[in-house]
Amino acid sequence: MGTLRDLQYALQEKIEELRQRDALIDELELELDQKDELIQKLQNELDKYRSVIRPATQQAQKQSASTLQGEPRTKRQAISAEPTAFDIQDLSHVTLPFYPKSPQSKDLIKEAILDNDFMKNLELSQIQEIVDCMYPVEYGKDSCIIKEGDVGSLVYVMEDGKVEVTKEGVKLCTMGPGKVFGELAILYNCTRTATVKI
């Protein structure tokens, strides 16, 4: 009988040890998920900055290379977000379109703008105007929403689904709901800096 009790006691100890290990594994998996989420967030931030910095760096490298090879240097180019062809008085009479939308859609757009590094510093009245002007557009599978190098006049907020962002054929990131894209061409009056496909 003593042997049976010893075996039962040993079995109970092993079961308790397994429970503790399972609890530890659960904690470690949760911590891993949190770190994966942080890595994804940081990767998205890095991709945003790369999409802006790469074109400027490549152009600077080309210019310095051409200068070293004895080619004449071209004038520097600047980007201005100020409207140059309009009188401010003309702009004050512009009526912006309004598209009705659900409170959830309004919140999604506003949060996406506030989460965007290039748009989060807009005044609240400007953000509200953007929210009011936005309208829904649906794209099917394999659609190209933005093509790198094209002239852009629209900003998008992803409501659902996922899109893949590529630059010069290299995948930069995948974006999901609640993200703004296409803003750089509008803010800096330049061509599209990346391709966005479903």
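Just above sits the structure.
Residues numbered from 1 in each chain as written. Predicted model: local features only at pLDDT ≥ 70, side-chain atom pairs only at ≥ 80, totals over all residues. Heavy atoms only, no water.

Participant: Run through the environment of Gly 169, naming residues and quoting values.
Facilitator: Summarising the element assignment, Gly 169 is placed in the loop between strand E3 (163-167) and strand E4 (170-175). For the pair Gly 169 and Ala 194, spaced 25 residues apart in sequence, the C-alpha separation works out to 9.1 Å. (Helix = DSSP H or I, 4+ residues; strand = E, 2+ residues; numbered from the N terminus.)

Participant: So what's going on with the pairing of E3? Residues and values would help.
Facilitator: The side chains of a regular strand alternate, first on one face of the sheet and then on the other. Burial of E3 is extensive: 4 of the 5 residues sit out of reach of the surface. Direction of pairing for E3 relative to E4: antiparallel, over a ladder of 5 bridges. Bridged to Val 165 within E4 is Cys 173. Between E3 and E4, which pair antiparallel one after the other, the connecting turn spans 2 residues, and Glu 168 there sits at a positive phi close to 55°. Here E3 pairs with strand E6 (residues 195-197) via 3 bridges, running antiparallel. (Buried < 20%, exposed > 50% of the residue type's maximum accessible area, 1.4 Å probe, protein only. Pairing = 2+ DSSP bridges.)

Participant: Summarise helix H4 (residues 124-133); cite the residues concerned and give the values.
Facilitator: Within H4 the residues assigned to the buried category are Ile 127, Val 131 and Asp 132. Buried residues along H4 cover an arc of 135° about the axis, so they all sit on one side. If you follow the buried residues of H4, they end up packed against helix H3 (103-115). (Arc of directions from axis to C-beta. Contact = heavy atoms within 4.5 Å.)

Participant: Tell me about the sheet that holds E4, and please be specific about residues and values.
Facilitator: One open sheet accounts for 4 strands, arranged E1-E6-E3-E4; its pairing is antiparallel. Each edge of the open sheet carries a strand with a single partner, namely strand E1 (144-146) and E4. Shown here is a sheet whose adjacent strand axes are inclined to one another by a mean of 30°, direction ignored. (Axes fitted to C-alpha atoms, helices over the stretch in contact; angles between N-to-C directions.)

Participant: Requested: an account of the pattern of salt bridges, with residues and values cited.
Facilitator: Scanning the entire structure with this criterion turns up 7 salt bridges. Between Glu 16 and Arg 19 there is a salt bridge whose closest N-O contact spans 3.7 Å. Here Glu 16 pairs with Arg 19, and both are found in helix H1 (residues 2-68), just 3 residues apart, close to one helical turn. Judged by relative accessible area, which is 37%, Glu 16 ranks as partly exposed. In this structure, Glu 17 and Arg 21 form a salt bridge, with 3.1 Å as the shortest nitrogen-oxygen distance. Of this pair, Glu 17 and Arg 21 both sit in helix H1, 4 residues apart, which is roughly one turn of the helix. (Salt bridge = Lys/Arg side-chain N within 4 Å of Asp/Glu carboxyl O.)

Participant: Could you give an account of the nonpolar core, naming the residues involved and the relevant values?
Facilitator: Residues Ile 145, Ile 146, Tyr 156, Met 158, Val 163, Val 165, Leu 172, Cys 173, Met 175, Phe 181, Ala 194 and Val 196 constitute the largest nonpolar core, which totals 12 residues. For this core, the elements supplying multiple residues, two or more each, are E1, E3 and E4. A per-element tally of this core places E4 first, with 3 residues. Ile 109, Met 119, Met 134 and Val 180 belong to the second largest nonpolar core, which has 9 residues in total. (Core = buried A, V, L, I, M, F, W, Y, C linked by side-chain atoms within 4.5 Å.)

Participant: Give me the lowdown on a nonpolar patch on the surface, citing residues and values where you can.
Facilitator: On the surface, Tyr 99, Tyr 135, Val 137, Tyr 139, Leu 154 and Ile 198 cluster together into a nonpolar patch covering about 500 Å² of accessible area. With respect to the helices and strands, Tyr 135 occurs in the loop between H4 and E1. For Tyr 135, a relative accessible area of 41% translates into the label partly exposed. (Patch = residues over 30% accessible without salt bridge, like charges linked within 9 Å, V, L, I, M, F, W, Y side chains within 5 Å. Areas by Shrake-Rupley, 256 points an atom, 1.4 Å probe, with all protein chains shown as cover.)

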